[in-house]
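# A look at the structure
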Amino acid sequence: MSETMADPIEYFLEDVTHHGRNVRTHEAYERVLGEYEQFLDEERRTSPTNATYRDCMAWVHDIRTKHAESTIATYASYLNRFYSYLERVGRHDENPMALVVEEMDESIETSPARRDISISEMQLFVSQIAHPLHRTIVSTLLKTGLRSGELCNLDLRDVNLAGDQYWTPRPQIEGQEGSLYVSPDHTYGEQSGGTMRTASNKRKRETIVPIDDELEIELRRWLAIRPDTVEPVEPVFVSTEDRWGKRLTPDHVHHIVTDRTRREGWYRTGGGARENVTPHYFRHFFTTHMRDRTGDRGIVKYLRGDVADDIIDTYTHNWGDRVRTTYLSNIYSIHPE
């Protein structure tokens, strides 16, 4: 290892020792961070100080082939603490692992207390977003409870809007107007549906998510001006900035959302899940309000894509009736009245 590459790790490990961590803890951090550094050098041609969200995701994808989920969660927490520390002491601009950990198995942080935002406050927040892409992203996350990676993986054929549309929806949602199809088949770094995926979908089974008139309007407005794309499969959400016409990644969605929530005073660098409003917060918001309104945890679990075969089988076979009716009767408005 070069001196430059070793420096941030040594800097962190020295502080671990100063805080009285035992020898075993120090050795565990040293081993995992050393392996991470080696991976970056050999596979990504970069260093810990220059690593991005994508580099961290690639590392997690790599260790998934070697370790159990519990070990992966532990290793990810080590790297997250490493970058959180460097961010706090001014040695790194931001924590590239924060979003990765957020999108990993949600059991890592089962039910944290989070900022309490009312529906009326959220409506005002949405109403202030003028950019059509940003507004549609926030609206979709709020109305469906999708993870940011699942949103990025949406292809045009995964959308079936009411009335005329210039594309043909996939067979799974043909005839089911006002719906999104969330595939279980997309994995970070692998080909799926004719394109390389930059995010993983957590769902083990397909999910058909209903959408209401408000979200349909937002989607139509965005799709009417969406840039042409060079992707072999047309993505719903593409960049309107430096990566013009290319599929968005969770990192882009994270920056779009946190730029907005920072202005609102809902996000600060170094703040945790209990304080910051990130794309994942909208999933929490959706879950909380839909559970309270419907009183049906099974339907909410189905919509979230939580793995439970009995729930998914029950609601898949009755989607057009119970799920859709319950959703449309209870989904909150994101437009001020």
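Residues numbered from 1 in each chain as written. Predicted model: local features only at pLDDT ≥ 70, side-chain atom pairs only at ≥ 80, totals over all residues. Heavy atoms only, no water.

The name an unreviewed UniProt entry assigns to the chain is Integrase protein, from the organism Halovivax asiaticus JCM 14624.

Residues spaced three or four apart along an α-helix point in a common direction, a consequence of the helix completing one turn every 3.6 residues. Here helix α7 (residues 132–144) is 13 residues long and its end C-alpha atoms lie 18 Å apart, about the 18 Å a rise of 1.5 Å per residue gives. Of all 13 residues that make up α7, 12 are buried, and the element is covered over most of its length. Buried within α7 we find Leu133, His134, Arg135, Thr136, Ile137, Val138, Ser139, Thr140, Leu141, Leu142, Lys143 and Thr144. (Helix = DSSP H or I, 4+ residues; strand = E, 2+ residues; numbered from the N terminus. Expected span 1.5 Å × (residues − 1). Buried < 20%, exposed > 50% of the residue type's maximum accessible area, 1.4 Å probe, protein only.)

Within the secondary structure layout, Val32 lies in helix α2 (residues 23–44). Between the C-alpha atoms of Val32 and Thr74, which are 42 residues apart in sequence, the distance is 9.8 Å. Those residues in contact with Val32 that lie beyond four places of it in its chain are Trp59, Tyr75 and Tyr78. (Contact = heavy atoms within 4.5 Å.)

Further remarks concern helix α9 (residues 213–225). Its 13 residues place the ends of α9 19 Å apart at the C-alpha level, agreeing with the 18 Å of an ideal helix rising 1.5 Å per residue. Turning to α9, its buried residues number three or more, namely Glu214, Leu215, Glu216, Glu218, Leu219, Trp222 and Leu223. Where α9 is buried, its residues touch α7.

The next subject is the packing of aromatic side chains. Summed over all chains, the structure comprises 14 aromatic pairs. With a centroid separation of 5.0 Å and an interplanar angle of 40°, the aromatic rings of Phe125 and Trp266 are classed as tilted. You can see Phe125 sitting in helix α6 (residues 119–127) and its partner Trp266 sitting in the loop between α10 (250–264) and α11 (279–294), a full 141 residues away along the chain. Residue Phe125 is classed as buried on the basis of its relative accessible area of 3%. Aromatic side chains Tyr281 and Phe285 sit 6.4 Å apart centroid to centroid with 40° between the ring planes, which places their arrangement in the tilted category. Separated by 4 residues within a single helix, Tyr281 and Phe285 lie in helix α11, roughly one turn from each other. Among the residues examined, Tyr281 registers a relative accessible area of 2% and is labelled buried. Here the aromatic cluster, defined as three or more aromatic residues joined through ring pairs, consists of Tyr11, Phe12, Tyr29, Tyr36, Trp59, Tyr75, Tyr78, Phe82, Tyr83 and Tyr85. (Phe/Tyr/Trp six-rings, centres within 6.5 Å; stacked < 30°, edge-to-face > 60°.)

Before going further, it helps to spend a moment on the packing of α11 against helix α12 (residues 297–304). In contact at an axis separation of 9 Å, α11 and α12 are set at 155° when each is read in the N-to-C sense. Classed by the angle they form, the pair α11 and α12 counts as roughly antiparallel. For the pair α11 and α12, the sense of crossing is right-handed. Residues Arg283, Phe286, Thr287, Met290, Arg291 and Thr294 of α11 touch α12, and the partners they reach there are Arg297, Val300, Leu303 and Arg304. Looking at the contact of α11 with α12 residue by residue, the classes come out as 4 nonpolar, 2 polar and 4 charged. (Axes fitted to C-alpha atoms, helices over the stretch in contact; angles between N-to-C directions. Parallel < 35°, antiparallel > 145°, perpendicular 65-115°, else oblique. Left-handed = near helix turned anticlockwise from the far one by under 90°. Nonpolar A, V, L, I, M, F, W, Y, C, P; charged D, E, K, R; others polar.)

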